[in-house]
Amino acid sequence: MATDMTVKQDTTKPERVLAAIVAGINAGDLESLMPLYESDAAFAAEPGTLAHGAAGIGEALTGFISMNGKLDLEVTRVLEVDDLALVVGVWSFDGTGPDGEPVRLAANNADVLRRQEDGTWRFVIDNPWGTD
């Protein structure tokens, strides 16, 4: 039943999509994360590098999930124009690297989301590295 709740995450506002990302990564649930992206979306796997489409996004998200960590994110600003939104926030992630050593990541995100025909929001560009 928890899986059903994860799949039906609230995406009625841009900031709620970010909350769904946090919940999915913290639960290690890649399957719940993929519907949060448009089919031709991109994910900045590292500063200045975009992973395109479902395969690239899935691989990038799997990298976070594989560290079995905890993601914290605070949305600090949402700017909406028509069916586009820029969501800015600050996040941190504490996990474990493949070598067993602790991993700590932190940055300011700058994400672009688009309102879908059904009123929900999805990522067009997921950029956890902000302007870095």
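Residues numbered from 1 in each chain as written. Predicted model: local features only at pLDDT ≥ 70, side-chain atom pairs only at ≥ 80, totals over all residues. Heavy atoms only, no water.

1. Re the sheet that holds strand β5 (residues 102-115)
Point 1. With mixed pairing, the 6 strands of this open sheet are ordered in space as β2-β1-β6-β5-β4-β3. If you trace the sheet from one side to the other, it starts and ends with β2 (49-52) and β3 (70-81), each paired once. For this sheet, the mean angle separating the axes of adjacent strands, direction not counted, is 30 degrees.
Point 2. Relative to strand β4 (residues 84-96), β3 runs antiparallel, the two being bridged by 11 bridges. By the bridge assignment for β4, L79 is matched with L86.
Point 3. Docked against the sheet, helix α2 (residues 14-27) engages β1 (37-46), β3, β4, β5 and β6 (121-126), running at close to 165 degrees with respect to β3. (Pairing = 2+ DSSP bridges. Helix = DSSP H or I, 4+ residues; strand = E, 2+ residues; numbered from the N terminus. Axes fitted to C-alpha atoms, helices over the stretch in contact; angles between N-to-C directions. Contact = heavy atoms within 4.5 Å.)

2. Here we look at the pairing of β6
On a regular strand, each side chain points to the face opposite its neighbour's, so the side chains alternate between the two faces of the sheet.
Point 1. Pairing of β1 with β6, which is carried by 3 bridges, proceeds in the parallel orientation. Bridge pairing links Y37 to F123 in β6.
Point 2. Relative to β6, β5 runs antiparallel, the two sharing 4 bridges. Across the sheet, residue R114 finds its bridge partner in β6, namely R122.
Point 3. Count of turn residues in the β5/β6 antiparallel hairpin: 5 residues, of which G119 carries a positive phi of about 95 degrees.

3. Quick word on the pattern of salt bridges
Point 1. Tallying each qualifying case throughout the model produces 6 salt bridges.
Point 2. D83 is paired through a salt bridge with R115; the nearest N and O atoms lie 3.0 Å apart. In this pair, D83 sits in the loop between β3 and β4 while R115 sits in strand β5, placing the two residues 32 residues apart along the sequence.
Point 3. When its relative accessible area of 29% is taken as the criterion, R115 is described as partly exposed.
Point 4. Residue R104 pairs with D94 through a salt bridge whose shortest N-O separation is 2.8 Å. Linking R104 in strand β5 with D94 in strand β4, this pair joins segments that are 10 residues apart in sequence.
Point 5. Overlapping salt bridges bring together E80, D83 and R115 as one network. (Salt bridge = Lys/Arg side-chain N within 4 Å of Asp/Glu carboxyl O. Buried < 20%, exposed > 50% of the residue type's maximum accessible area, 1.4 Å probe, protein only.)

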